[in-house]
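Working through the structure, step by step
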Amino acid sequence: MDFRAIENKWQKRYEETKAFEPSVEPGKPKYFVTYPYPYMNGYFHIGRAFSGLRAEVLARYKLMQGFNVLFPFAFHCTGTPIVAAAERIAEGEKKQIEILKRAGIPEEEIPKFADPVYWTQYFSKATREDLKRVGAAIDWSRAFITTSLNPHYDSFIKWQFRKLKEGGYVVMGEHPVVWCPHCKSPVGDHGRLEGEGVTPEEIYLIKFRLGETILPCGTYRPETAYGVTNLWLNPDVTYIRAKVNDEEWLVSKETLDKLANQKYVASFIEEVRGRDLIGKMVLNQVTGMEVPILPAVFVDPAVGTGVVMSVPAHAPYDYAALRDIENDPARFGLTPDVISGIKLIPLITIEGFGKFPAKEIVERMNIKGQDDPKLEEATKEIYKKEFHTGVLNENCGKYAGRKVMDAKLELVSDFVHSGKAAIFYELPQQVVCRCLTKCVVKIVSDQWFLNYSNPIWKAQAHKALDAMALYPDKVRKQFEYVLDWLKDWACTREYGLGTELPWDKRWVIESLSDSTIYMAYYTISKYLQDPALGIRPEQLSDEFFDFVFLGKGTADEVSKKTGIEQGLILKMRDEFEYWYPFDMRCSGKDLVQNHLSFCIFNHTAIFPERHWPRGMSVNGFLQLDGQKMSSSRGNVYTLRQVLDMYGADATRLTLMYGGEGLEDPNWDSEFARTAWSKLAQWYDFAIENYGKGRDDVKYIDRWLESVATKSIKLTREAMDAMNFRTAIQRGYFDMQRYLRWYIRRSPVPNRRIISWFIEAQTKILAPFTPHICEEIWEKLGGSGFIAKAPYPTWDEKKIADETIERSEDFLRKVIEDIQEIITVANLSEAKDAYIYTSEEWKYKALQLATGKNMGDAMKAVMADPEMRKHGKEVSRYVQKVVSERLVPSGVDEAAVLNEAKDFIASEIGMNVHINSEFDPQGKRKHAIPGRPAIFIQS
Ligand code: ATP
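Naming follows an unreviewed UniProt entry, where the chain appears as Leucine--tRNA ligase of Methanocella conradii. Looking at the chain in UniProt, the text filed under Catalytic activity (unreviewed entry) is "tRNA(Leu) + L-leucine + ATP = L-leucyl-tRNA(Leu) + AMP + diphosphate". We quote the UniProt Subcellular location (unreviewed entry) comment for the chain here in full: "Cytoplasm".

This is the structure in structure tokens:
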């Protein structure tokens, strides 16, 4: 069977019939699913496809539940990365050309990519093709691209920003931002190759004095200035003496640029070799103590200022380095007297440690020296403990007795105002711009910010979050943290594709700021971009959006003002009112810290509460055969590559079986390779068996009905929780396993039950593997698309009778027992197997004794004269029932065995006799309920 032909056929049918282009149907419940529009800098890869398909599978599931479902799609083109990449192509840069070649762009096409517009056209077209080829149930009539290349969208974003400004949400301010020195612009998460989520962190420069020169030491722990015993300089580094504001500083070369970016006025005076300063004494202005400068090669000139203070009582690295020197001063070019006066200075008390926590942990962990990797862990433990629970001791002047956490702000303020410290910003991890340049911190002052730090706005965002459904709910904590922690966000750039800031044309709105409420735009985009309706962008005034999205004014007024026909305006208003808010947004977890949280914030700023988001689903990041996907390492699959290899249904099943929840899912190529043949087998089985079989109902038929009904129930529960991997396990793999057993038990199936099973199985698979399911559905004579057929439901009555499954378990156990006897006693040549179910009185005794203590059980059984006839045997059995807590199974054992007699015979390869009179060894006496006696005649 050719899957390509089937997939093409159904994709064509979907398109021709506009199967997924819903319109407003008053009274019919709607479901609006969205997915963050992907950035058009490359082909759609399978990582994006994983998150996108979760949205799509949900859309299909809701469709089968009878909802009117909207799942639209769009293409994000805003920002600098496309422009920067296009520039690099224009410059003929090899690396960028190689990236496009590796992506599969034909050589002769590459020069066209020197134009950023070409990127947006090429990749949006390619992405649309790929998504159609994967059978995505998308309403393409609403698709659009962002930026001024789409003037209608451009008007919408301008309206949004004017609204934000009116509400006081956009402000001009001075802030540290992550900055690309090459692009000369702030770099948001989207623009980064490395370092997503990294933001500038405040550190403190504690000023030590060497004569008139200041040695500023960077630290996150300014309080530890009270415990400094020495400074560290790297003897191999050439430092700079510089004029910084009105002081003279000694810092690493790298620091000079950093200072300039952070509004310090800094200029070069002269170079100074690190080694020339070793042994000199500097003044700790916080304590008034003189401390020596010692050498340390671990000092990285690129981190902080390249000048480091040493607090060996509380910093494991410092302690280890000092001990190295102490052990062998000559190795460091020092004489013992340089360090002989150094004494550890304790300053923080924490539980579980004595005076010198760093010394203790270094000794406890048996850390060898300053190169020992265990130092990292030791440092983490001490720093965390000291910050959260530490109390400053008598060496800390006026702060003595206070908790570190509580004293910190006041201490910083005192140090800075008295000139003993300065504020500085650092990136805690490396950030690399998509243009491959390493980023720095820059303090910008004429920059527009969305003031996410505004506590009133934060409170609104929390209110929205509290009312939202989150999948899985454990991501809520992360959202709460982000909403609290988000600082103001630089929302404009000096260059790149996008929408001009309406009131200041020097600026372009950046990519994480023009993408926060655009889900609303989907509700009307098909009208705006329909050439037949002829709506021109200049007609899209603020009054228009105010009416359509906020219900302000009247259609009549807006029509008069804009010239757009009144009926059309009302239609758009209806669309918005019908679809909004969106019910679910599905994304990878990378966007919790920015886009998804921004989406919540901006909705609360623009829309009334009833239009705030209803739900978000967050998933892990797709791995490729157990490895992190990374374009630099070349192990990225694009969607089109896997579609070429495996086809749409196998690709979809592999992705959705790849994982669920927040754990990173995995693309398993081996699974993908075998997926199609499994589906093809199902196709053959379904077509061959539907509507065929016998009419009598046996135990095994009721069993299949029961286990499959349970599977349907579990599958629905998993689908409702968006646990799609579990849904595939329960609804496909379990069901197939049951079916295999059923067919083995009953090669001629029951007509009604097998047909019901085939329908249910195909429908369960339909959201995951729609093409083959449509084909089966058509062959079975189903009406319309299976995509819109009702999802299987279940009848509780079918699973209420637990004896049905117990009967089958009983039978399986009997067969296993017989097989074991045959093996152990070496009886494979035997011809006849005799099975004896228990004598009747034991069933009765079990009924009477079960659940009672020994005394009561005996009393109950012995009260029955029938029982007493069996004398000692009764009391032995009752003892067994009580001690082994036996319960009646309700299984009619003789009936089950009789019905399955032929099956047992075929499984064991012997004649089978049930409860025969022939019992030469008196076996029957040993049978008890649930454990028939077995005799094999050799
Ligand atoms: P890339 O950095 O690979 O170009 P991106 O992060 O820029 O991708 P976007 O266009 O921002 O991709 O992503 C669109 C959606 O796809 C987002 O919801 C994002 O979380 C999701 N996504 C991207 N990569 C993966 C992945 N490897 N696994 C799961 N989801 C992903």
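The next thing to look at is the overall build of the chain. Secondary structure summary: the chain contains 34 helices and 31 strands in total. Overall size of the chain, expressed as C-alpha extent along the three principal axes, is 115 × 80 × 55 Å. Out of the 938 residues belonging to the chain, those deemed buried represent 56%. Within the chain, residue pairs in contact and separated by at least 24 positions form 76% of the contacts whose partners lie at least 6 positions apart. As displayed, the chain offers around 39500 Å² of accessible surface, 51% of which is attributable to carbon and sulfur atoms. Where the 123 positive side-chain charges of the chain centre and where its 130 negative ones centre are 3 Å apart.

Within this structure, the stated rule accounts for 71 aromatic pairs. Taking 5.8 Å as the distance between ring centres and 50° as the angle between the ring planes, the aromatic pair formed by Y153 and F156 counts as tilted. Taken as a pair, Y153 and F156 lie in helix 6 (residues 151-166) at a separation of 3 residues, close to a single helical turn. The pair Y153 / F156 is uniform in exposure class, with both members buried. Over the ring of Y31 we find K62, and its NZ or CZ is 4.8 Å from the ring centre. Here K442 stacks its cationic end above the ring of W179, 5.1 Å away from the centre of that ring.

For helix 1 (residues 3-16), with 14 residues, the first-to-last C-alpha span of 20 Å sits near the 20 Å given by 1.5 Å per residue. All buried positions along helix 1 are accounted for by F3, I6, E7, W10, Q11 and Y14. Here the buried residues of helix 1 occupy an arc of 125° about the axis, which is enough to place them on one side. More than 90 degrees from the buried face of helix 1, the exposed residues found are K12 and E16. Taken together, the buried residues of helix 1 touch helix 2 (46-64), helix 5 (116-133), helix 20 (639-646), helix 21 (648-657), helix 22 (669-689) and helix 26 (770-780). The N-cap of helix 1, judged by a side-chain oxygen 2.9 Å from the amide nitrogen of R4 a few residues on, is D2.

Moving on: helix 19 (residues 592-606). With 15 residues, helix 19 should cover 21 Å at 1.5 Å per step; its first-to-last C-alpha distance of 20 Å lies within 8% of that length. Of all the bends in helix 19, the greatest measures close to 25° and is centred on F598. Burial within helix 19 is extensive, with 14 of its 15 residues counted as buried.

Positionally, T651 belongs in helix 21. Given the relative accessible area of 0%, T651 is considered buried. Only 2.7 Å separates the side chain of T651 from the backbone oxygen of G647, close enough to count as a polar contact. Among residues more than four places away in sequence, those in contact with T651 are V134, L639, V642, L643, Y646 and W667.

This brings us to the pairing of strand 24 (residues 584-588). The side chains of a regular strand alternate, first on one face of the sheet and then on the other. Counting buried positions over the 5 residues of strand 24 gives 5, a clear majority of the element. Of the two faces of strand 24, both are covered, the one formed by M584, C586 and G588 as well as the one formed by R585 and S587. Direction of pairing for strand 1 (residues 30-34) relative to strand 24: parallel, over a ladder of 2 bridges. Note on strand 24: the bridge partner recorded for T34 is R585. Where strand 24 meets strand 25 (residues 615-619), 4 bridges bridge the pair, whose relative direction is parallel.

A separate point is the pattern of salt bridges. In the structure shown here, the tally under the stated rule is 68 salt bridges. As a salt-bridge pair, E775 and K9 come within 3.0 Å of each other at their nearest N and O atoms. Of this pair, E775 sits in helix 26 while K9 sits in helix 1, placing them 766 residues apart in sequence. Exposure remark for K9: the relative accessible area of 28% places this residue in the partly exposed category. Note that D473 and R476 form a salt bridge whose closest N and O atoms lie 2.9 Å from each other.

Mapping E174 onto the fold places it in strand 3 (residues 170-180). Along the sequence, E174 and S445 sit 271 residues apart, while their C-alpha atoms lie 3.9 Å from each other. Excluding residues within four positions of it along the chain, E174 makes contact with K263, I443, V444 and S445.

The 5 strands are arranged 2-1-24-25-20 in an open sheet whose pairing can be described as parallel. The open sheet has two free edges, formed respectively by strand 2 (68-70) and strand 20 (469-471), since each of these has just one partner strand. Each strand of the sheet is rotated relative to its neighbour by a mean of 20°, with strand direction disregarded. Of the strand pairs in this sheet, strand 1 and strand 2 are connected by 3 bridges, and their pairing is parallel. When the sheet's bridge partners are listed, F32 is paired in strand 2 with L70.

Calculation criteria
- Residues numbered from 1 in each chain as written.
- Predicted model: local features only at pLDDT ≥ 70, side-chain atom pairs only at ≥ 80, totals over all residues.
- Heavy atoms only, no water.
- UniProt positions renumbered as here; feature names shortened; annotations may be inferred.
- Helix = DSSP H or I, 4+ residues; strand = E, 2+ residues; numbered from the N terminus.
- Buried < 20%, exposed > 50% of the residue type's maximum accessible area, 1.4 Å probe, protein only.
- Contact = heavy atoms within 4.5 Å.
- Areas by Shrake-Rupley, 256 points an atom, 1.4 Å probe, with all protein chains shown as cover.
- Lys, Arg positive; Asp, Glu negative; His and termini not counted.
- Charge placed at Lys NZ, Arg CZ, Asp CG, Glu CD.
- Phe/Tyr/Trp six-rings, centres within 6.5 Å; stacked < 30°, edge-to-face > 60°.
- Lys NZ or Arg CZ within 6 Å of the ring centre and 35° of its normal.
- Expected span 1.5 Å × (residues − 1).
- Arc of directions from axis to C-beta.
- Polar contact = N/O pair within 3.5 Å; in protein donor to acceptor, adjacent residues only side chain to side chain.
- Bend = angle between axes of the 7 residues up to and from the residue.
- Pairing = 2+ DSSP bridges.
- Salt bridge = Lys/Arg side-chain N within 4 Å of Asp/Glu carboxyl O.
- Axes fitted to C-alpha atoms, helices over the stretch in contact; angles between N-to-C directions.

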